[in-house]
Amino acid sequence: MAKPIGIAGAGFSGAVIARELAEAGYSVTVFEPRNHIAGNCYSERDKESGILLHRYGPHIFHTDKKHVWDYLHRYTEFKPYTNRVKAQSGGKVYSLPINLHTINQFFDKTLSPDEAKAFISSLSDTSIVEPVSFEDQALKFVGKELYEAFFKGYTLKQWGLSPKELPASILKRLPVRFNYDDNYFNHQYQGMPTEGYTAIVAALLDHPSITVKLGQTLTAEQVDQFEQVFYSGPLDSYFEFRLGRLAYRTLDFVEIRATGDYQGCAVMNYCDQDIPFTRISEHKHFAPWETHEGTVCYQEFSRLAEPEDTPYYPIRLLEEKKLLNDYVALANQQQNVTFVGRLGTYRYLDMDVTIDEALQTAETFLRCQTEKTQMPAFVISPLS
Ligand code: UDP
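Only a predicted model underlies this, so the values are computations on that prediction, with no experimental measurement involved.

Draft legend 1. Looking closely at helix α1 (residues 12–23). Here α1 is twelve residues long and its end C-alpha atoms lie 16 Å apart, about the 16 Å a rise of 1.5 Å per residue gives. Burial within α1 is extensive, with ten of its twelve residues counted as buried. Listed as buried for α1 are Phe 12, Ser 13, Gly 14, Ala 15, Val 16, Ile 17, Ala 18, Arg 19, Leu 21 and Ala 22.

Given below as structure tokens:
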């Protein structure tokens with residue numbers, strides 16, 4: 001009998017690969033160390049209030065990839081949802097991402113789009129040609145005042161590092177707009193799965209050829225039992241951290257329960273450095289089509305992950321990149337193991353990219369099987 005496929009991790013990466021290969025006729029076993037599926041996208045209904053909670057922080061689905069959007073619609077229903085974030089800075093509330101409303105509120109002006117463009121460009125630091133750091137990027141695009149009000153403190157709290165030491169790519173996630181569009185994302189498709197993310201992953205894994213083993217870890221010693229292993233756990237954990245640990249930021253959540261409406265929006269960022277949390281999310285606002293008397297909010301505190309903490313954001317500074325290089329070299333020597341996803345490739349990935357890459361990985365595997373070639377350790381390089 002042919003050996004089954006082994007998958008480490010029941011998040012989006014593992015579940016999509018499991019589904020694609022089960023559909024292609026393989027028998028698949030998914031090992032998930034936690035006692036639940038869906039990884040950090042895990043959502044569940046709160047018993048007390050009935051609110052759908054995003055247990056590991058807010059997840060809003062947004063993408064430009066139509067095939068990913070269509071793929072997920074096979075497994076769930078989405079309701080239209082637009083992420084509109086508010087931010088507190090210096091004791092006032094503003095609209096995010098920085099848009100014409102933010103600029104006019106902050107500078108107490110009534111500028112038109114063209115006037116705002118000219119005004120912001122007069123504030124920007126034109127001496128910076130090729131921004132390398134987060135700070136350079138911010139100073140070049142919005143100038144010192146907006147940088148200090150909205151980015152400096154938040155980023156220090158979120159990453160525990162000066163924006164001078166962080167790459168410009170982190171800020172490139174956020175748009176700056178000279179109109180009143182306050183949609184946090186630039187993507188064409190955006191929505192919230194009506195029954196939450198756990199329901200999507202459960203639907204993906206609901207196939208007669210897929211077995212899910214909760215509370216179990218797939219280790220390097222077990223690889224020989226499988227035709228191929230797809231590993232979506234932390235890359236360094238596969239090698240038992242033998243070269244050292246890749247650094248992550250983790251999050252602590254402080255729960256607030258109340259009745260009615262606590263803050264009037266789903267996400268309020270706190271940009272000042274002296275407020276210790278980065279944001280408060282109020283989860284019933286992620287499902288505005290539902291009605292709940294109670295409300296549940298989470299203050300989010302970011303800190304360096306210790307070995308026993310849940311890893312969230314890969315840090316990827318120079319030092320981690322060196323270590324990452326060494327782990328990549330080790331991984332490339334393995335047979336029949338492919339590393340996937342945010343933890344397997346140590347990259348800051350949005351859900352849509354994770355799903356797209358998982359689809360590509362399954363496709364690559366099927367091609368390698370047909371062509372009788374070796375499946376690579378990485379379909380998408382961690383160094384990209
Ligand atoms: N950021 C900031 N101020 C804000 C929101 C974000 O400085 O009010 C910076 C911060 O460094 C953060 C990055 O922009 O890590 C990306 O923000 P995003 O909202 O995409 O972060 P996520 O929701 O993935 O945590």
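Draft legend 2. Fine view of the nonpolar core. With 109 residues, the main nonpolar core has Phe 12, Val 28, Phe 150 and Phe 339 as its most contacted residues. Once residues lying within four places of it in the same chain are set aside, the contact partners of Phe 12 are Cys 41, Leu 72, Tyr 197, Ile 200, Val 201, Leu 204, Met 351, Thr 354 and Ile 355. Counting residues in each nonpolar core, the second largest holds seven residues, with Ile 256, Cys 265, Met 268 and Cys 297 among its members.

Draft legend 3. Examining the packing of helix α2 (residues 66–73) against helix α11 (residues 351–371) more closely. Running from N to C, α2 and α11 point in directions that differ by 85 degrees, and their axes come no closer than 10 Å. Judged by the inter-axis angle, α2 sits roughly perpendicular to α11. Contacts between α2 and α11 involve His 67, Val 68, Tyr 71 and Leu 72 from the former and Asp 352, Ile 355, Asp 356 and Leu 359 from the latter.

Draft legend 4. Quick look at the site of the ligand. With respect to spatial proximity, 17 residues lie near the ligand, and among them Thr 155, Tyr 184, Asn 269, Tyr 313 and Tyr 348 are the closest. When the ligand is considered free in solution it has 530 Å² of accessible area, and contact with the protein chains removes 93% of it. Examining the composition of the shell around the ligand, we find that six residues originate from one element, helix α6 (residues 143–159), more than from any other. Residue classes in the shell around the ligand are distributed as twelve nonpolar, three polar and two charged.

Draft legend 5. Expanded view of the pattern of salt bridges. Counted according to the given criterion, the structure contains 21 salt bridges. Where Glu 357 meets Arg 347, a salt bridge forms, and the shortest distance between an N and an O atom there is 2.5 Å. Residue Glu 357 is found in helix α11, and its partner Arg 347 is found in the loop between α10 (341–344) and α11; the two are separated by ten residues along the sequence. Here Glu 357 and Arg 347 have matching classes, each one buried. Linked through salt bridges whose partners overlap, the residues forming this network are Asp 46, Glu 48, Glu 255 and Arg 257.

Draft legend 6. Seen up close, the pairing of strand β14 (residues 279–282). Residues of β14 alternate between two faces, with Arg 279 and Ser 281 on one and Ile 280 and Glu 282 on the opposite face, all of them buried. Note: strand β13 (residues 267–270) against β14, three bridges, orientation antiparallel. Pairing of Val 267 across the sheet is with Ser 281, part of β14. Where β14 lies against strand β15 (residues 294–304), four bridges are found, and the strand directions are antiparallel. Bridged to Ile 280 within β15 is Gln 299.

Draft legend 7. Inspection of the sheet that holds strand β8 (residues 92–96) at higher detail. Here we have seven strands laid out as an open sheet, ordered β8-β7-β13-β14-β15-β12-β16, and mixed in their pairing. The sheet terminates laterally at β8 and β16 (313–314), the two strands that pair on one side only.

Draft legend 8. Highlighting the packing of aromatic side chains. Per the counting criterion, the structure on display carries 31 aromatic pairs. Ring geometry for Tyr 94 against Phe 150: centres 5.2 Å apart, planes inclined by 90 degrees, an arrangement best described as edge-to-face. Taken together, the residues span a long stretch of sequence, with Tyr 94 in strand β8 and Phe 150 in helix α6 at a distance of 56 residues. You'll find Tyr 94 and Phe 150 in the same group, each marked buried. With a centroid separation of 4.9 Å and 75 degrees between ring planes, the pair formed by Tyr 270 and Phe 277 is classed as edge-to-face. There is no split in this pair, since Tyr 270 and Phe 277 are both buried. Members of the aromatic cluster, connected to one another through ring pairs, are Tyr 231, Tyr 238, Phe 239, Tyr 327, Phe 339 and Phe 378. We note Arg 173 situated over the ring of Tyr 348; from NZ or CZ to the ring centre the distance is 4.1 Å.

Draft legend 9. Looking closely at the sheet that holds strand β9 (residues 189–193). The strand order across the open sheet built from three strands is β5-β9-β6, with neighbouring strands paired in antiparallel fashion. Single-partner strands in this sheet number two, and they are β5 (61–63) and β6 (78–80). Across this sheet, the average inter-strand angle for adjacent strands is 40 degrees, counted without regard to direction. Across three bridges, the pairing between β6 and β9 is antiparallel. Along β9, the bridge assignment pairs Lys 79 with Met 192.

About the cut-offs
- Residues numbered from 1 in each chain as written.
- Predicted model: local features only at pLDDT ≥ 70, side-chain atom pairs only at ≥ 80, totals over all residues.
- Heavy atoms only, no water.
- Helix = DSSP H or I, 4+ residues; strand = E, 2+ residues; numbered from the N terminus.
- Expected span 1.5 Å × (residues − 1).
- Buried < 20%, exposed > 50% of the residue type's maximum accessible area, 1.4 Å probe, protein only.
- Core = buried A, V, L, I, M, F, W, Y, C linked by side-chain atoms within 4.5 Å.
- Contact = heavy atoms within 4.5 Å.
- Axes fitted to C-alpha atoms, helices over the stretch in contact; angles between N-to-C directions.
- Parallel < 35°, antiparallel > 145°, perpendicular 65-115°, else oblique.
- Near = heavy atom within 4 Å.
- Areas by Shrake-Rupley, 256 points an atom, 1.4 Å probe, with all protein chains shown as cover.
- Nonpolar A, V, L, I, M, F, W, Y, C, P; charged D, E, K, R; others polar.
- Salt bridge = Lys/Arg side-chain N within 4 Å of Asp/Glu carboxyl O.
- Pairing = 2+ DSSP bridges.
- Phe/Tyr/Trp six-rings, centres within 6.5 Å; stacked < 30°, edge-to-face > 60°.
- Lys NZ or Arg CZ within 6 Å of the ring centre and 35° of its normal.

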